[in-house]
Amino acid sequence: MVEQAASYVDLGGGHHGLKITMAVARELREKLGIDLLKATTEPDVLKQIIDKISADDAFVFEFLAIVEGKDAADLEAAADGTVLESASTAMVEAIIDFFPDSSPIKKPIRQLM
């Protein structure tokens, strides 16, 4: 079964699919201090990530830039509040999708949404 990637649409109608690979997870850790693997054993880390997505729009675009391999300023220029909200939701969905189906971390993430 092929899983649909988390996605959002920008102001220009551009479709942005989000898929977090191990390489992307490493880059998130190195550039933003976001350690998704650490979140599997430390639930507070996961809550901090979700809270940061909710509270910090600059962080959202930096995160998106890493995942998409694009420039954060370009992504931000193609967004308004509605796009920010749908991109933030897609980010959380991409984080959920990063973990295997058997992972006990998936349910708590969904509950934080």
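The structure displayed is predicted, hence computed values, not measured ones.

Visitor: It is not clear to me how the overall build of the chain should be interpreted in this structure. Could you clarify?
Guide: Each helix and strand in the chain was counted, giving seven helices and two strands. In sequence order, the chain lays out its α and β elements as β-β-α-α-α-α-α-α-α. Whereas a compact globule of 113 residues would reach a radius of gyration of roughly 13 Å, the chain reaches 13 Å, a difference of no more than 12%. Relative to its 113 residues, the chain shows a buried fraction of 40%. In the chain, 59% of the contacts between residues at least 6 apart in sequence involve partners at least 24 apart. Only carbon and sulfur atoms are counted for the fraction: they give 52% of the accessible area of the chain, which is about 6400 Å². Across the chain, the 11 positively charged side chains and the 20 negatively charged ones have centroids separated by 8 Å.

Visitor: Help me understand the nonpolar core in this model?
Guide: Grouped together as the largest cluster of nonpolar side chains are 36 residues, with contacts concentrated most on Leu18, Ile20, Leu36 and Leu64. Mapped by element, the contributors of at least two residues to this core are β1 (6-9), α1 (22-32), α2 (36-39), α3 (43-55), α4 (57-68) and α6 (81-98). The biggest single contributor to this core is α6, with nine residues. Apart from residues no more than four positions distant in its own chain, Leu18 is found in contact with Ala5, Ala6, Tyr8, Leu64, Val67, Glu68, Ala87, Ala90, Met91 and Ala94.

Visitor: Please explain the pairing of β1 as it appears in this structure.
Guide: A regular strand carries its side chains on alternate faces of the sheet. Along β1, the buried face is formed by Ala6 and Tyr8; none of Ser7 and Val9, which line the opposite face, is buried. Inspection of the sheet shows β1 paired to strand β2 (residues 15-18) by four bridges, in the antiparallel sense. Across the sheet, Ala6 pairs through a bridge with Leu18, a residue of β2. Following β1, the chain reverses through five residues before pairing antiparallel with β2; Gly13 in that reversal takes a positive phi of roughly 85°.

Visitor: What is the right way to look at the packing of α3 against α6 in this model?
Guide: Any two packed helices are characterised by the angle at which their axes cross and by the distance between the axes. Where α3 meets α6, the closest approach of the two axes is 10 Å, and the angle between their N-to-C directions is 160°. In this view, α3 runs roughly antiparallel relative to α6, as classed from their interaxial angle. At the point where α3 passes α6, the crossing takes the right-handed sense. Where α3 abuts α6, its residues Ile49, Ile50 and Ile53 lie against Ser88, Met91, Val92 and Ile95.

Cut-offs used in this document
- Residues numbered from 1 in each chain as written.
- Predicted model: local features only at pLDDT ≥ 70, side-chain atom pairs only at ≥ 80, totals over all residues.
- Heavy atoms only, no water.
- Helix = DSSP H or I, 4+ residues; strand = E, 2+ residues; numbered from the N terminus.
- Rg over C-alpha atoms; globule rule 2.2 N^0.38 Å.
- Buried < 20%, exposed > 50% of the residue type's maximum accessible area, 1.4 Å probe, protein only.
- Contact = heavy atoms within 4.5 Å.
- Areas by Shrake-Rupley, 256 points an atom, 1.4 Å probe, with all protein chains shown as cover.
- Lys, Arg positive; Asp, Glu negative; His and termini not counted.
- Charge placed at Lys NZ, Arg CZ, Asp CG, Glu CD.
- Core = buried A, V, L, I, M, F, W, Y, C linked by side-chain atoms within 4.5 Å.
- Pairing = 2+ DSSP bridges.
- Axes fitted to C-alpha atoms, helices over the stretch in contact; angles between N-to-C directions.
- Parallel < 35°, antiparallel > 145°, perpendicular 65-115°, else oblique.
- Left-handed = near helix turned anticlockwise from the far one by under 90°.

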